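Chains, contacts and geometry: an overview
Chain by chain, the residues run as shown.
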Amino acid sequence: MLTKFETKSNRVKGLSFHSKRPWILTSLHSGVIQLWDYRMGTLIDRFDEHDGPVRGVHFHNSQPLFVSGGDDYKIKVWNYKLHRCLFTLLGHLDYIRTVQFHHESPWIVSASDDQTIRLWNWQSRTCISVLTGHNHYVMCASFHPKEDLVVSASLDQTVRVWDIGPLKKKKTASPADDILRMSQMNTDFFGGVDAVVKYVLEGHDRGVNWAAFHPTLPLIVSGADDRQLKLWRMNDTKAWEVDTLRGHTNNVSCVMFHAKQDIIVSNSEDKSIRVWDATKRTGIQTFRREHDRFWILACHPEMNLLAAGHDSGMIVFKLERERPAFAVSGDSLFYAKDRFLRFYEFPTQRETQLISIRRPGSTSLNQSPRTLSFSPTENAVLICSDVDGGSYELYVIPKDSIGRGDNVQEARRGPGGSAIFVARNRFAVLDKSSNQVLVKNLKNEVVKKSGLPIATDAIFYAGTGNLLCRAEDRVVIFDLQQRLVLGELQTAFFKYVVWSSEMESVALLSKHAIIIASKKLVHQCSLHETIPVKSGAWDDNGVFIYTTLSHIKYCLPNGDSGIIRTLDVPIYITKVYGNTIFCLDRDGKNKAIVIDATEYIFKLSLLKKRYDHVMSMIRNSQLCGQAMIAYLQQKGFPEVALHFVKDERARFNLALESGNIQIAVASAKEIDQKDHWYRLGVEALRQGNAGIVEYAYQRTKNFERLSFLYLITGNMEKLPKMLKIAEVKYDIMGQFHNALYLGDVQERVKILENAGHLPLAYITASIHGLHDIAERIAAELGDNIPSLPEGKVPSLLMPPVPVMCGGDWPLLRVMKGIFEGGLDNMGRGAADEAEEDAGADWGEELDMIDTDGFQNGDVTAILEDGEVAEENVEEGGWDLEDLELPPEADTPTTSVTAHSSVFVAPTLGTPVSQIWTQKSSLAAEHAAAGNFDTAMRLLNRQLGISNFTLLKSMFLDLYTGSHTYLRAFASAPVISLAVERGWNESASPNSRGPPALLFNFSQLEEKLKAGYKATTTGKFTEARRLFLSILHTIPLIVVESRREVDEVKEFILIVKEYVLGLRMELQRKEMKDDPVRQQELAAYFTHCNLQVPHLRLALQNAMNICFRAKNYATASNFARRLLETNPTSESLAKQARQVLQVTERNLKDVSELNYDFRNPFVICGATYVPIYRGQKDISCPYCSSRFVLAQEGQLCSVCDLAVVGADASGLLCSPSQIR
């Protein structure tokens, strides 16, 4: 069983497939009807109007209707497009078991526990006949697919066949006649001779639950509570029992003939579905569920699909695979169909039967050929199937048999579900049990055995002598000759492998995904599909064409995909020739489908930068649509999209995106909306096109921005006019701003005075030396004169002089973009118009008119699109004067404006920081480049470091230390410059050295000396800080030679010993109340690898502590070790000898310590306990401190950086290590 879809719900009592769409209706015991899309696996709708269980449901075969019948005695007819019940048919007096539409007439048949079957006309909404005769519940009733018959099954142990022919004859009567006939019926249901019993089939010992007609033959199958299926045959006069099928162990709930195959499917309350051979009348296969009883079956009217409802949901399934086995060789196709091997030529589209292939002897399903492999030179075919748990058959086709097809030959067989040709006369067979491949010759003899590198479950062809081996989570290419893995790719499970014609690319097809990789299995792209992927093939351009259940689609080399066309039925692509797709359908028929490849060829040409193709396709094809425009936009070709678009708004957006100011202006004029003018202004400002910015602000009457524009471009002639406009519009803030921009103090005083701000006006006049005005305002203010601050020197507030006055930004001369020249003449001529208008209408001035006439001013007259003032000519507006050019420069006449936007700016170079990171695997250099993320990843991979908080400041120091900054001028941003290590003036300007680094090895040596000194003087906290600082800096050190690398590694070992020892000593000092632990820590300190002077101090300290605690045996050990160091201080040696004398009289310890100096040990960096030789331990990947096993995964407490036990590749601190 191949399960296609499964639902979880209440008990399913009724099922119905839609004849055309991938839908199934399920009616539940809870009273809900669900509509599912089994292809997408989604619930489309639910209908909830019945009261109690709904036992029967059925789709109409052509109308958007379905009918349902439930335990509320109601039959409801629903329209699924309107999502509602259209009407309810009432008449039954008990539960309704099944309902069904007639395939032609407007009828519904229903079966009920009231012992009757009713026929209804759903158009007139009346009951047209009541079939009585059963004397127990009628469990099901259904129409014959072709004849005028109804079959019913009842718990009275009979199956009845009813002739409804008389009703057919009356069908021409009107609905009114239906009603009249009903009124003439007897009230006891025994009226009406429209439908009569034709046969009563008796034979079951218990109640019959289901009966069904054969779709074409005069057969009936029934299933009953006696656990048996019975097969009945009928003719015109009688019906009789043919056979009984036994096997179910509980009541049989439903049974039916398969629509396409010669089989019977039944299900039962014994929790099984059984498949039976209808001709041999034997069981073929059984599918069981653990806990759920089955209640209902449905068969798809067109497709090879079945559905079964059970206690907790339903399943949609297929009994057999429908994909034909095929192999393509050059211009021909070999495929298996109906027990024959067939041959098809693509150029002539001629089909031939070659040889007969054996029919499987076993009776189970899914025994048809699964894969097929062909060797063209030997004319040999390998066919693999699931017979006997997986086996292959080898046929050699005689040359003369092509075209005859009557040739029968005995195949050479062998076990192995996966077999393919790997050379001209050699084929490989997978032996899963030993995970090896057997290479055989055409006599089926083993020539060679080869073990496989991964646990393989299938093998595929990968070129001569190579295999593609599939495991659960990856795939490898394996060379059988050299026994080498040529490529490996991590991938989910896939089913099919499709190689391109040159074997350069491979597509791996799984149920919902396509992975495309190179011939060495380097991943190129992945695609995910919600609908199952069925097949695929490569076209001549390297585009992968594939099919899902419902579409033919394409996938470009960069992973872009799209739909070519929709499909009514699934197909399996065999070959793609130009724009013809050759394929096999599920019946094994060859088809040729012609497709329109324009869209994907266009996208491919863009991708491969074949712009000449793109140009010709734009000129000659009907490529358009929002999707194509969006694609061009997304891929960074808005200028190409511009030439497809007629809609002004879309043209405007694309023109802005591609920086084409001319077309944007033309579109903005057409649209003429404030928002579009504003956006045009923003883009023109970005391009430094002051004339158009001015024009856009004028059109939107955006006076504030206009004033500021004049200020920054130094257009001081127009600023006074803006001041006038602000006056006319009574815009006081506007006036004040313009006065500020102009540096006009008198005007500012006047504005403040008019606005009633006399104190502000007085101060402004006073500090700017306008004493006459100040005195006049003071007189008005009287006693309220504000005081001026003392000791402050006033200065005149004047706007700065702009760096660039007036005109537009200068433009670079660069080559025209590939699309510009070719496409310009295709535009709608709007650009030309715009250029002609440019002088007259665009950079126009604000012509000031006499403002007396304006009351509360509408300023439209000021900004009227009108005549150009005389002064405009002098001013030069757009600077379009003639250039004095040398005679040979015959420039094209397409463009005259200086700011024509059809030129493309040169591309940016690669940033230095990017060059640094590309060249280096050293974390310090990545940090210096500002690429902290990769620096952290490198440190994590090399040293297992995960705590980067302590390194943050160093990262920032490295970054700022490797860059310097220049200020150009006030309005330009600061320029960042990279500082390189070892730079000199003779270096090539194009080659980049590594970054200059802040930290170096000599600094560490200085710190180490300072750490030693602090240790000697007993400043343990300071010493620990210095040593930790060294440990934290080392990962970010870069040295040049291998010798220095060894020195850095030695530094780590020295420093970590000190950090560990000092941590223990500091902890000892805090433990005043635990003398035993104090002694242990002092003892462990003496086992750290310290410099001799520090070791003497540690030994003296431990000796004193143990002596005071009367642990004489341990104290004598420390005294002996102290004397072995030959102490330079006589007093120290004398003290040690005295301790030895005292302790040797009494070599005992008062308290037992966790310390055995005879047994070598290391100290755990976290718990400070000894780890004796032979005990398991774990280390820090960076500082190599040792820890007890319980510390695995914790942060190292010595270096505070790395995770204990993490995988790490080791310290990388020199380019010499990489070379």
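Just above, that's the structure.
This structure is a prediction, so every number in the text was calculated from the model and none was measured.

1. Observations regarding the pattern of salt bridges
Applying the stated rule across the entire model yields 40 salt bridges. In this structure, the salt-bridge partner of Lys-8 is Glu-6, at a minimum N-O distance of 3.7 Å. On the accessibility criterion, Glu-6 (36% relative accessible area) is partly exposed. A salt bridge links Asp-292 to Arg-289; its shortest N-O distance comes to 3.0 Å.

2. Observations regarding the packing of aromatic side chains
Scanning the entire structure with this criterion turns up 37 aromatic pairs. Pairing Phe-1001 with Phe-1051 gives two aromatic rings, centres 5.1 Å apart and planes at 55 degrees, and the pair type is tilted. In this pair, Phe-1001 is assigned in helix H24 (residues 1001-1016) and Phe-1051 in helix H26 (residues 1042-1070), connecting sequence segments 50 residues apart. Across the pair, Phe-1051 and Phe-1001 agree in class, each one buried. Following the ring pairs from residue to residue traces out a cluster consisting of Trp-23, Phe-47, Phe-59, Phe-66, Trp-78 and Tyr-80. Cation over ring: Arg-323 sits above Tyr-496, and NZ or CZ is 3.7 Å from the ring centre. The positively charged end of Arg-470 is found above the aromatic ring belonging to Phe-494, 5.9 Å away from the centroid.

3. Here we look at the state of the cysteines
As enumerated under the stated definition, the model contains zero disulfides in all. This cysteine, Cys-140, is not joined by any disulfide, and Cys-254 carries the nearest cysteine sulfur, 7.6 Å off. Assessed through its relative accessible area of 2%, Cys-140 is described here as buried.

4. Some thoughts on helix H7 (residues 648-658)
Where H7 is concerned, the buried positions are Glu-648, Arg-651, Phe-652, Leu-654, Ala-655 and Leu-656. Of the residues flanking the end of H7, it is Gly-659, one or two places downstream, whose phi is positive at about 75 degrees.

5. Details of the sheet that holds strand E24 (residues 272-277)
Note on sheets: strands pair through backbone hydrogen bonds, and any given pair is parallel or antiparallel. Ordered in space as E22-E23-E24-E25, the four strands form an open sheet in which the pairing is antiparallel. Both outer strands of the open sheet, strand E22 (252-257) and strand E25 (282-288), are each paired with one neighbouring strand and no more. With direction set aside, neighbouring strand axes in the sheet form an average angle of 20 degrees. Both E22 and strand E23 (residues 263-268) contribute to a ladder of five bridges, which runs antiparallel. Bridge assignment links Met-256 to a residue of E23, and that residue is Val-265.

The rules behind these values
- Residues numbered from 1 in each chain as written.
- Predicted model: local features only at pLDDT ≥ 70, side-chain atom pairs only at ≥ 80, totals over all residues.
- Heavy atoms only, no water.
- Salt bridge = Lys/Arg side-chain N within 4 Å of Asp/Glu carboxyl O.
- Buried < 20%, exposed > 50% of the residue type's maximum accessible area, 1.4 Å probe, protein only.
- Phe/Tyr/Trp six-rings, centres within 6.5 Å; stacked < 30°, edge-to-face > 60°.
- Helix = DSSP H or I, 4+ residues; strand = E, 2+ residues; numbered from the N terminus.
- Lys NZ or Arg CZ within 6 Å of the ring centre and 35° of its normal.
- Disulfide = S-S within 2.5 Å.
- Pairing = 2+ DSSP bridges.
- Axes fitted to C-alpha atoms, helices over the stretch in contact; angles between N-to-C directions.

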